[in-house]
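Here is what each chain is made of, one letter per residue.
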Amino acid sequence: MDCPIILDTDPGIDDAVALMVLRRFCPERVKLLLASYGNVSLERTVNNALTMLELLDWQVPVVRGADGPPRPDSPREDAAHVHGADGLAGLGKSFPRDCAWEGDFLQRVYDALREAGQADYIILGPMTNLALLLKRFPQAKERIRRVIAMGGGIGLGNVTPEAEFNIHCDPFSAAEVLCEMPEVVLAPLNVTNRAAFSLEEIGRITAGASPAARAMERILTMNYHACVQYGETGSTMHDSTAVLCGLFPELFRLERCGIAVDCGEAHYGRTVRTEERQNVSLAVDGDIPAVLRRIAESIP
Ligand code: RIB
Ligand code: CA
């Protein structure tokens, strides 16, 4: 078995599809799901994670992570306009509070890393949780084989013309993670924007009778209309594409570089390539039809 995975996510519709991809290709590797604020509130992302795990008949411990960026003056924007008020196109259930672990989540994640020996840390939302972990347990760095993340855009953004949502939520933490971690696989908007399903494709890939297929048909259709309304070409699979970058790197062209994050007012949340470091494998292109096929085959 390849090394274990710690999944840090803010479900969110495209996060939910990424969960299906992980369930399809490496369910045994995912040891812990750390819910983060981001697309919607932490309360909703925790319940959406539990909703998806129940739908996929998948038992993974869910842990409540950070409920906001560490700096109180950070702008607080969610993405409910793309994912629905509940973050899952109205399908999100509400579970008893004790269905998710709450408390010192940094200790819980660090204990999971020590138990795993070493793990891949997948981030599909803001980078707040990992930045906090590295501050509290600097030695955690040695237990993370690589970070696989969806985030950033080189010369483009989706919150501002130059800032992508996950980075814009907390650029200070993103700057720390992208500078400190020795191995990062990063899938930016330049590639993920291209992995979008049309309505026809949604109808075809969700034609199955399973509860998951029925749910996917509903949430991807809603996501399609929301994404197109905001200028995307279809239901955009940002997070699944990032996960596939880690699972099937042969589907992508990756270039080594560093990534710098702007935290100043002028270019808040902008990501740029830098040659100061060579710790990032940046996805610059990909076999998008093959990526979409892998996602489609993840729908049970
Ligand atoms: O910009 C896209 C990213 O922001 C995705 O992770 C999506 O889920 C939202 O969190
Ligand atoms: Ca996400």
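Everything that follows concerns the structure shown earlier in this document.
Residues numbered from 1 in each chain as written. Chains lettered and ligands numbered in written order. Predicted model: local features only at pLDDT ≥ 70, side-chain atom pairs only at ≥ 80, totals over all residues. Heavy atoms only, no water.

Describing the overall build of the protein
For step 1, the next point in the chain: Along the protein, the regular secondary structure elements total 12 helices and 11 strands.
For step 2, the next point in the chain: In terms of C-alpha radius of gyration, the protein reaches 17 Å, essentially the compact-globule figure of 19 Å for 300 residues.
For step 3, the next point in the chain: For the protein, the spread of C-alpha atoms along the principal axes amounts to about 50 × 40 × 40 Å.
For step 4, the next point in the chain: Taking all 300 residues of the protein together, 58% fall into the buried category.
For step 5, the next point in the chain: When contacts within the protein are restricted to residue pairs at least 6 apart in sequence, long-range pairs at least 24 apart make up 79% of them. (Helix = DSSP H or I, 4+ residues; strand = E, 2+ residues; numbered from the N terminus. Rg over C-alpha atoms; globule rule 2.2 N^0.38 Å. Buried < 20%, exposed > 50% of the residue type's maximum accessible area, 1.4 Å probe, protein only. Contact = heavy atoms within 4.5 Å.)

Side note on the nonpolar core
For step 1, the next point in the chain: With 62 residues, the main nonpolar core has L7, L22, L33 and I295 as its most contacted residues.
For step 2, the next point in the chain: Per-element accounting of this core gives the leading share, eight residues, to helix α1 (residues 13-25).
For step 3, the next point in the chain: The contact partners of L22, leaving out residues within four places of it in the chain, are I5, L7, P27, V30, W58, I122, V243 and L247.
For step 4, the next point in the chain: Core analysis: the next-biggest nonpolar cluster, separate from the first, contains 40 residues, I6, I167, A174 and I259 among them. (Core = buried A, V, L, I, M, F, W, Y, C linked by side-chain atoms within 4.5 Å.)

As for the pairing of strand β5 (residues 144-150)
For step 1, the next point in the chain: With six of seven residues buried, β5 is to be regarded as a mostly interior element.
For step 2, the next point in the chain: Looking at chain direction, strand β4 (residues 119-123) and β5 are connected through five bridges and run parallel. Counted as the bridge partner of D120 is R146 from β5.
For step 3, the next point in the chain: When β5 meets strand β6 (residues 184-187), the two strands line up parallel, connected through four bridges. When the bridges of β6 are listed, I148 appears paired with V185. (Pairing = 2+ DSSP bridges.)

Observations concerning the coordination of the calcium ion (ligand 2)
For step 1, the next point in the chain: Around the calcium ion (ligand 2), the protein supplies D10 (OD), D15 (OD), D15 (OD), L124 (O) and D239 (OD) as donor atoms, at distances of 2.2 to 2.6 Å.
For step 2, the next point in the chain: We note that the donor set of the calcium ion (ligand 2) lies within a single chain, spaced as D-x4-D-x108-L-x114-D.
For step 3, the next point in the chain: Judged by its relative accessible area of 0%, D10 falls in the buried class. (Donors = N, O, S within 2.8 Å, 3.2 Å for Na, K, Ca; no water.)

A short note on the pattern of salt bridges
For step 1, the next point in the chain: Overall, the coordinates contain 22 salt bridges when judged by the stated rule.
For step 2, the next point in the chain: For the salt bridge of D104 with R136, the shortest nitrogen-to-oxygen distance reads 2.5 Å. Of the two residues, D104 sits in the loop between α3 (80-83) and α4 (105-116) while R136 sits in helix α5 (residues 128-136), which places them 32 residues apart along the sequence.
For step 3, the next point in the chain: With relative accessibility at 40%, the residue R136 sits in the partly exposed group.
For step 4, the next point in the chain: The salt bridge partner of R253 is E255, with a shortest N-O separation of 2.8 Å. (Salt bridge = Lys/Arg side-chain N within 4 Å of Asp/Glu carboxyl O.)

Considerations on unusual backbone geometry
For step 1, the next point in the chain: Positive phi, normally seen in glycine, also occurs at D57, with a value near 50°.
For step 2, the next point in the chain: Its location among the elements puts D57 in the loop between α2 (42-55) and β3 (62-64).
For step 3, the next point in the chain: The class of D57 is exposed, set by a relative accessible area of 54%.

What to know about the sheet that holds β6
Strands in a sheet are paired, the pairing made by backbone hydrogen bonds, and the direction either parallel or antiparallel.
For step 1, the next point in the chain: The strand order across the open sheet formed by nine strands is β3-β2-β1-β4-β5-β6-β11-β9-β10, and the pairing between neighbours is mixed. Taken across any chain shown, the strands that pair with only one partner, and hence form the sheet edges, are β3 and β10 (271-274). The mean angle between the axes of side-by-side strands here comes to 30°, regardless of whether they run parallel or antiparallel.
For step 2, the next point in the chain: Where α5 meets the sheet, its contacts fall on β1 (5-9), β2 (30-35), β4 and β5, and the angle it forms with β4 comes to roughly 135°. (Axes fitted to C-alpha atoms, helices over the stretch in contact; angles between N-to-C directions.)

A short note on the pairing of β4
For step 1, the next point in the chain: Counting buried positions along β4 yields five of five residues, so the element is predominantly enclosed.
For step 2, the next point in the chain: Taking every second residue as pointing to the same face, both faces of β4 are buried, with A119, Y121 and I123 on one and D120 and I122 on the other.
For step 3, the next point in the chain: Here four bridges tie β1 to β4, and the two strands are oriented parallel to one another. Paired with D8 across the strands is I123, a residue of β4.
For step 4, the next point in the chain: At this point the chain moves from β4, through α5, to the parallel β5, and the crossover so formed is right-handed. (Right-handed = clockwise from strand over helix to strand, strands pointing away.)

Quick word on helix α12 (residues 288-296)
For step 1, the next point in the chain: Among the residues of α12, those classed as buried are I288, A290, V291, L292 and I295.
For step 2, the next point in the chain: Looking at the buried side of α12, the elements it contacts are α1, α8 (189-192), β7 (196-197), α11 (238-247), β9 (252-261) and β11 (280-286).

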